[in-house]
Amino acid sequence: VNLRVDGGMVANNWVLQFLADILGARVDRPSLVETTALGAAYLAGLEAGVYGSLEELSDLWRCDRNFEPVMTKEHRDKLYDGWSQAVQKL
């Protein structure tokens, strides 16, 4: 399982590594991180016939960097338990 991310926060390597660790899954950062406008343009192009399918658009995606989980399951579970306890106190 892997998660593709985008937006301004993905410029932060620490955030993406922590996300990979907490999820226990690979996180992929695209080469173009601000993709909201690009997504709108792709959908317009799809509707106008510039692109033939969603699969064709998906093939345009390029990865800049992968973040693999390195945190142990025990540590991940401990952090999650602490978060759950904090949320229950709200």
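Refer to the structure presented above.
Model, not experiment: these values are computed from the prediction.

Caption draft 1: Highlighting helix H1 (residues 13–23). Turning to H1, its buried residues are Leu-16, Ala-20 and Asp-21. Down the axis of H1, the buried side of the element spans an arc of 140 degrees, and every buried residue falls inside it. Structurally, H1 contributes buried residues whose contacts are with strand S2 (26–30), strand S3 (63–67) and helix H4 (73–88). Put simply, Asn-12 is the residue that caps the front of H1, since its side-chain oxygen is 2.9 Å from the backbone nitrogen of Trp-14. Positioned one or two residues after H1, Gly-24 has a phi angle of 65 degrees, which is positive.

Caption draft 2: Main features of a nonpolar patch on the surface. Taken together, the side chains of Leu-3, Trp-14, Phe-18, Ile-22, Leu-23 and Leu-79 define a hydrophobic patch exposed on the protein surface, amounting to about 540 Å² of accessible area. Ranked by the residues each element gives to the nonpolar patch, the list is headed by H1, at four residues. Tracing the backbone through its elements, the reader meets Leu-3 in strand S1 (residues 2–4).

Caption draft 3: Region of the structure containing the sheet that holds S2. Taking strand neighbours across the sheet as the criterion, the three strands line up as S1-S2-S3 in an open arrangement whose pairing is mixed. The open sheet has two edge strands, S1 and S3, and neither has a second partner. Neighbour-to-neighbour, the strand axes of this sheet turn through a mean angle of 20 degrees, independent of strand direction. Relative to S3, S2 runs antiparallel, the two being bridged by four bridges. Each residue of the ladder has a partner; that of Arg-29, found in S3, is Arg-65.

Caption draft 4: Up close: the pattern of salt bridges. Considering all chains together, one arrives at three salt bridges under this definition. Between Arg-29 and Asp-64 there is a salt bridge, with its nearest N and O atoms 3.1 Å apart. One end of the pair, Arg-29, is in strand S2; the other, Asp-64, is in strand S3, with 35 residues separating them in the sequence. For Asp-64, a relative accessible area of 47% corresponds to the partly exposed category.

Caption draft 5: View of the pairing of S2. In terms of burial, S2 is largely enclosed, as four of its five residues are buried. Judged from the three bridges that link them, S1 and S2 form a sheet pairing that is parallel. Each bridged residue has a counterpart across the sheet, and for Asn-2 the counterpart in S2 is Arg-26. Taking the sense of rotation as the criterion, the β-α-β connection linking S1, H1 and S2 turns out right-handed.

Rules used in this analysis
Residues numbered from 1 in each chain as written. Predicted model: local features only at pLDDT ≥ 70, side-chain atom pairs only at ≥ 80, totals over all residues. Heavy atoms only, no water. Buried < 20%, exposed > 50% of the residue type's maximum accessible area, 1.4 Å probe, protein only. Helix = DSSP H or I, 4+ residues; strand = E, 2+ residues; numbered from the N terminus. Arc of directions from axis to C-beta. Contact = heavy atoms within 4.5 Å. Polar contact = N/O pair within 3.5 Å; in protein donor to acceptor, adjacent residues only side chain to side chain. Patch = residues over 30% accessible without salt bridge, like charges linked within 9 Å, V, L, I, M, F, W, Y side chains within 5 Å. Areas by Shrake-Rupley, 256 points an atom, 1.4 Å probe, with all protein chains shown as cover. Salt bridge = Lys/Arg side-chain N within 4 Å of Asp/Glu carboxyl O. Pairing = 2+ DSSP bridges. Axes fitted to C-alpha atoms, helices over the stretch in contact; angles between N-to-C directions. Right-handed = clockwise from strand over helix to strand, strands pointing away.

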